[in-house]
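As a plain string of letters, each chain reads:
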Amino acid sequence: MAEPKKNRDSFGSKIGIVAAAAGSAVGLGNIYRFPCEAGNNGGGAFLIVYLIVVLVLGIPAMLSEFVIGRSAQANPVGSFKKLAPKTAWPIVGYLGVICGFIILSFYSTVSGWTLEYIVKSVANDFHGKDLAAIEQDFADFHNMGWKNVLWQAIFIFLTGFVVFKGVQNGIEKYAKILMPVLLLILVVLGVRSLTLPGAKEGLTFLFNPDFSKITGKVLINALGQAFFSLSVGMGAMITYGSYIQKNDNLTTTALSVTLADTLIAILAGIVIFPAAFSFGIRPEAGTGLVFNTLPLIFNQITGGYFFCIIFFVLLAVAALTSTISLLEVVVAYFVEELHMTRKGATVVACVANMALGVFASLSLKTGTSIQIAGLPLFGALDFFSSNILLPLGGLLIVLFVGWFMGKKRFYKEVTNEGEVKLHVKGVILFIIRFIAPVAIAIIFVSGLVK
Ligand code: PHE
């Protein structure tokens with residue numbers, strides 16, 4: 001296998017790769033989107049399906065992306081071109097770049113909210129407010145469209161800044177230190193949430209599955225959420241995989257990232273639901289679920305003022321390490337396939353993304369007509385990318401690795417040419433070949449028929 005070309009970045013240390021890939025995976029998907037989805041899809045029933053999907057479909061899909069990226073040493077489009085020249089496979093790469101672009105356009109909206117909430121918490125804006133007042137503030141903020149757009153633009157700028165500086169100086173440095181702190185703060189919040197009056201109801205909601213609630217809609221939403229949260233199905237992990245060094249263990253990396261991601265999502269659920277039930281916020285409250293519940297919890301904590309600031313700063317950083325990976329997919333494609341400079345590619349990608357993102361943000365104002373198929377553009381972009389493009393991409397990616405690359409190349413890559421002993425490689429390949437594609441296809445079709 002050829003050495004990585006000199007002009008490509010690579011991650012400096014083992015912890016660096018895990019931190020950067022976990023940085024991509026852990027983000028608003030865990031802390032904001034997971035509670036929303038669980039709340040809207042029956043709580044415990046959703047959690048059970050979600051965990052099975054992560055284990056059986058998410059891990060093989062992530063490993064497949066690492067295998068593609070590291071063996072090809074290129075962006076998603078370039079990877080398929082290299083591994084499957086003169087075929088239609090590069091279409092999967094193009095789909096990924098488009099999907100990354102779309103996700104970034106609405107993800108940056110919510111990322112912008114985290115900045116607004118940092119400012120609000122520094123100004124001690126939540127102090128002494130009850131649920132009604134906090135909900136009103138959130139609604140008022142949405143209706144100030146320009147403010148959302150401004151924060152979104154600032155967030156995109158920050159993302160562009162880190163991506164422009166390149167992999168080692170940018171992404172890795174920040175992710176390593178800040179992710180563990182986020183975990184710690186979630187634990188503190190979890191303890192407070194669990195000791196609120198009426199917290200038990202929230203725990204029951206999340207951990208006591210009512211199996212009759214598992215419908216086609218729950219399945220497709222859990223599949224979309226799992227792929228979204230793990231950053232798989234669109235080539236982010238192909239791109240990061242291309243920066244992983246030849247002697248790193250792909251399987252343990254995929255397992256560690258998945259473990260960290262799943263732990264943080266469940267922790268977020270343990271923070272949000274008990275508190276939401278205790279304060280009388282409905283689990284189906286959607287966008288407001290997290291942004292309204294959290295300030296209320298902080299109001300109940302000694303030193304809540306400081307915790308609140310630190311939390312929203314960390315949430316913004318978690319979002320940033322995810323937007324970086326989304327933008328990186330687009331930029332790596334521009335640089336390697338269209339031969340743009342890194343600077344030019346970053347500027348073009350950011351400006352183009354803002355052009356779409358503005359409408360995603362503005363579509364959340366009350367009474368706006370920025371809608372597609374009856375959904376605000378924000379929700380429509382989310383649905384289309386998470387529930388359609390990601391599962392489709394994931395399906396094609398496992399098919400590619402299982403059937404096109406084949407046994408020999410797969411084993412060679414996951415064992416680092418025989419260096420790593422991986423006793424379960426046959427089982428993993430079996431899942432990638434048969435179980436994952438069939439299961440994704442079934443869930444996908446059952447969800448779309450609805
Ligand atoms: N996984 C990220 C999150 O949970 C979002 C993301 C999706 C990032 C797809 C990259 C690719 O917040």
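Right above here is the structure, for reference.
Computed from a predicted structure; not experimentally measured.

Q: Can you walk me through the site of the ligand in this structure?
A: The local shell around the ligand holds 14 residues, among which Ala25, Gly29, Tyr107, Phe228 and Ser231 are the closest. A distance of 2.4 Å separates an oxygen atom of the ligand from a polar side-chain atom of Tyr107. About the coverage of the ligand: the protein hides 100% of its 330 Å² of free accessible area. Looking at side-chain class alone, the shell around the ligand contains six nonpolar, eight polar and no charged residues.

Q: How do you make sense of the side chain of Ser385 when you look at a structure like this?
A: Relative to the elements of secondary structure, Ser385 occurs in helix α16 (residues 377-414). Of note is the side chain of Ser385, whose polar atom sits 3.3 Å from the backbone oxygen of Asp382. When residues no more than four places from it in sequence are discounted, the contact partners of Ser385 are Cys99, Ile102, Ile103, Phe106 and Leu390.

Q: Would you mind going over the packing of helix α6 (residues 131-143) against helix α7 (residues 145-165) with me for this structure?
A: Pairs of packed helices are described in terms of their axes, by the angle between the two and the distance that separates them. Their axes nearest at 4 Å, the elements α6 and α7 cross at an angle of 80 degrees. Taken as axis vectors, α6 and α7 run roughly perpendicular relative to one another. Between α6 and α7, the residues in contact are Phe141, His142 and Asn143 and Gly145, Lys147, Asn148 and Trp151, respectively.

Q: What is the right way to look at the packing of helix α4 (residues 76-83) against helix α14 (residues 304-337) in this model?
A: Between α4 and α14, whose axes approach to 8 Å, the crossing angle comes to 55 degrees. Here α14 runs oblique to α4, going by the angle between their axes. On α14, the residues touching Pro76, Val77, Gly78 and Lys81 of α4 are Val329, Tyr333 and Glu337. Each residue belonging to the contact of α4 with α14 can be placed in one class, and the counts come to four nonpolar, one polar and two charged.

Q: Help me understand the packing of aromatic side chains in this model?
A: Where two aromatic rings form a pair, the distance of their centres and the angle of their planes describe that pair. In this structure the tally under the stated criterion is 34 aromatic pairs. Plain terms: the ring middles of Trp89 and Phe400 are 4.9 Å apart, the flat faces sit at 70 degrees to each other, and that makes the pair edge-to-face. Of the two residues, Trp89 is situated in the loop between α4 and α5 (90-122) and Phe400 in helix α16; the sequence distance between them amounts to 311 residues. The buried category is assigned to Phe400, whose relative accessible area is 0%. Considering the side-chain rings of Trp113 and Phe291, the 5.4 Å spacing of their centres and the 85 degrees angle between planes classify their relative orientation as edge-to-face. Of this pair, Trp113 sits in helix α5 while Phe291 sits in helix α13 (residues 287-298), placing them 178 residues apart in sequence. Across from the ring centre of Phe228, 4.7 Å away, lies the NZ or CZ of Arg33, which sits over that ring.

Analysis parameters
- Residues numbered from 1 in each chain as written.
- Predicted model: local features only at pLDDT ≥ 70, side-chain atom pairs only at ≥ 80, totals over all residues.
- Heavy atoms only, no water.
- Near = heavy atom within 4 Å.
- Polar contact = N/O pair within 3.5 Å; in protein donor to acceptor, adjacent residues only side chain to side chain.
- Areas by Shrake-Rupley, 256 points an atom, 1.4 Å probe, with all protein chains shown as cover.
- Nonpolar A, V, L, I, M, F, W, Y, C, P; charged D, E, K, R; others polar.
- Helix = DSSP H or I, 4+ residues; strand = E, 2+ residues; numbered from the N terminus.
- Contact = heavy atoms within 4.5 Å.
- Axes fitted to C-alpha atoms, helices over the stretch in contact; angles between N-to-C directions.
- Parallel < 35°, antiparallel > 145°, perpendicular 65-115°, else oblique.
- Phe/Tyr/Trp six-rings, centres within 6.5 Å; stacked < 30°, edge-to-face > 60°.
- Buried < 20%, exposed > 50% of the residue type's maximum accessible area, 1.4 Å probe, protein only.
- Lys NZ or Arg CZ within 6 Å of the ring centre and 35° of its normal.

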